[in-house]
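# A closer look at the structure
One letter stands for each residue in the lines below.
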Amino acid sequence: QVMDNEARAVLANVACNYTAYKFFAEKQAIALDMQNKLNADFSSKLFASVDALQIETIELPYAFSNAILESIKTKQDIQAKSKYKENMEVTFQQEIMVSEQIKNQTIALARGEAEKIWQRAMANARITNATVDAEISAYGKIQAAMGLDTASNHLLQYMWWESQKEPHGDGKGGGKSAAYMIGVDQAVYVGGRS
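Residues numbered from 1 in each chain as written. Predicted model: local features only at pLDDT ≥ 70, side-chain atom pairs only at ≥ 80, totals over all residues. Heavy atoms only, no water.

### Side note on the overall build of the protein chain
Formally: Numbering of helices and strands starts at the N terminus; helices are DSSP runs of H or I of at least 4 residues and strands are runs of E of at least 2. Three exposure classes are used, based on accessible area relative to the maximum for each residue type with a 1.4 Å probe and protein chains only: buried under 20%, partly exposed in between, and exposed over 50%. In what follows, a contact means two residues having at least one pair of non-hydrogen atoms within 4.5 Å. Each accessible area is a Shrake-Rupley result for a 1.4 Å probe, and residues are judged covered by the shown protein chains and nothing else.
Scanning the protein chain for helices and strands turns up six helices and zero strands. Secondary structure of the protein chain in N-to-C order comes out as α-α-α-α-α-α. Relative to its full complement of 194 residues, the protein chain shows a buried share of 14%. By sequence separation, contacts in the protein chain at least 24 residues apart represent 49% of the contacts at least 6 residues apart. For the protein chain, the computed accessible surface area is about 15,200 Å², with 58% contributed by carbon and sulfur atoms.

### Remarks on unusual backbone geometry
Even without glycine at this site, F47 takes up a positive phi of about 55°. Tracing the backbone shows F47 in the loop between α3 (27-45) and α4 (62-146). Its relative accessible area of 74% is what places F47 among the exposed residues.

### Quick word on the pattern of salt bridges
To keep it simple, the criterion reads: One side-chain nitrogen of Lys or Arg within 4 Å of one carboxyl oxygen of Asp or Glu is enough to make a salt bridge.
A full pass over the atoms with the stated rule returns eight salt bridges. In this structure, D33 engages K37 in a salt bridge whose closest nitrogen and oxygen atoms are separated by 3.1 Å. Of this pair, D33 and K37 both sit in helix α3, separated by four residues, roughly a single helical turn. Taking the shortest distance from any N to any O, the salt bridge between K103 and E100 comes out at 3.3 Å.

### Quick look at helix α1 (residues 2-15)
Since the α-helix packs 3.6 residues into each turn, any two residues three or four apart lie on the same face. Here is the rule we go by: Helix span, expected: 1.5 Å multiplied by one less than the number of residues in the helix. By arc we mean the arc of the directions from the helix axis to the C-beta atoms, nothing more.
End to end, α1 covers 20 Å across 14 residues, agreeing with the expected 20 Å (1.5 Å per residue, within 8%). Residues E6, A7, V10 and V14 constitute the buried set of α1. Viewed along the axis of α1, the buried residues span an arc of 100°, placing them on a single side of the element. In the core, the buried residues of α1 are packed alongside α3.

### With respect to the packing of α1 against α3
Each pair of packed helices can be described by the angle between their axes along with the distance between the axes. Here is the rule we go by: Whenever a helix is involved, its axis is fitted only over the stretch in contact; in every case the axis is a line through C-alpha atoms, and angles between N-to-C directions fall within 0 to 180 degrees. An angle counts as roughly parallel when it lies under 35 degrees, as roughly antiparallel when it exceeds 145, as roughly perpendicular when it falls between 65 and 115, and as oblique in every other case. If you view the pair so one helix is near and one far, a crossing is left-handed when the near helix is turned anticlockwise from the far one by less than a right angle, and right-handed when it is turned clockwise. As a working rule, the residues Ala, Val, Leu, Ile, Met, Phe, Trp, Tyr, Cys and Pro are called nonpolar, Asp, Glu, Lys and Arg charged, and the rest polar, with Gly in that last group.
The N-to-C vectors of α1 and α3 enclose an angle of 140°; their axes lie 10 Å apart at closest approach. In terms of orientation, α1 and α3 fall into the oblique class. Every pair of crossing elements has a handedness; the one defined by α1 and α3 is right-handed. Packed against α1, whose contacting residues are M3, E6, A7, V10, L11, V14 and A15, the element α3 presents D33, M34, K37, L38, D41, F42 and K45 at the interface. A breakdown of the residues in the contact of α1 with α3 according to their chemical character gives nine nonpolar, no polar and five charged.

### Some remarks on the nonpolar core
Where we set the bar: By nonpolar core is meant a set of buried Ala, Val, Leu, Ile, Met, Phe, Trp, Tyr and Cys residues that side-chain atoms within 4.5 Å join together.
In this structure, A7, V10, V14, F23, I30, A31, M34, L38, F42, V50 and I55 together form the largest nonpolar core, which totals 11 residues. Elements with a minimum of two residues in this core: α1 and α3. Here this core gets five residues from one element, more than from any other, and that element is α3. Among residues more than four places away in sequence, those in contact with F42 are M3, E6, A7, F47, A48 and V50.

### Things to note about a nonpolar patch on the surface
Rule in force here: By definition, no residue in a patch forms a salt bridge, and every one has over 30% relative accessible area; like charges are joined within 9 Å, nonpolar side chains (Val, Leu, Ile, Met, Phe, Trp, Tyr) within 5 Å.
On the surface, Y139, I142, M146, Y158 and M159 cluster together to form a nonpolar patch covering roughly 400 Å² of accessible area. At the level of elements, α4 and α5 (154-164) are the ones that each hand at least two residues to the nonpolar patch. Of the residues forming the nonpolar patch, the biggest block, three residues, is contributed by α4. Secondary-structure assignment places Y139 in helix α4. Taking the relative accessible area as the measure of exposure, Y139 reaches 34% and is therefore partly exposed.

Below, the structure is given as structure tokens:
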């Protein structure tokens, strides 16, 4: 009976240091504190020791107990949502980094393709310029060799008439005959002054 009364007194004093909420949230820590205080008291007054102590049940009014349980559940939900938020922030950050890499890669590829197209166009332009220059030079040599007047369109007329003599069917110059416009001055038509 003496030990029971002493234990009740020590445990009541320790229990006064904690709120009802802490009894739900930190039951094991409170039990350890009660064991230490009870062991110290028993050792000094009753020459006994307390090796273990466990809080089995906590009796509170029903509404209060439900409110505490609800608050614990809400706290756990908040922690879970916070963790989810942190995970999603990391995920979104990774998505942003991937998107940046894709953007940079797309820009680099587009610039490379544009440069390739530009270089191809410039090469084609150089080839065309070289071809035109060569043709101009060749026509100039023909004109000079034939003694045609450079101020007139005699070379152009000559080329047009020569094209009319090219083979059209059998490869020997004999196939279809060329069609001519009757009543039209060929020099005017070929010279482009129509």
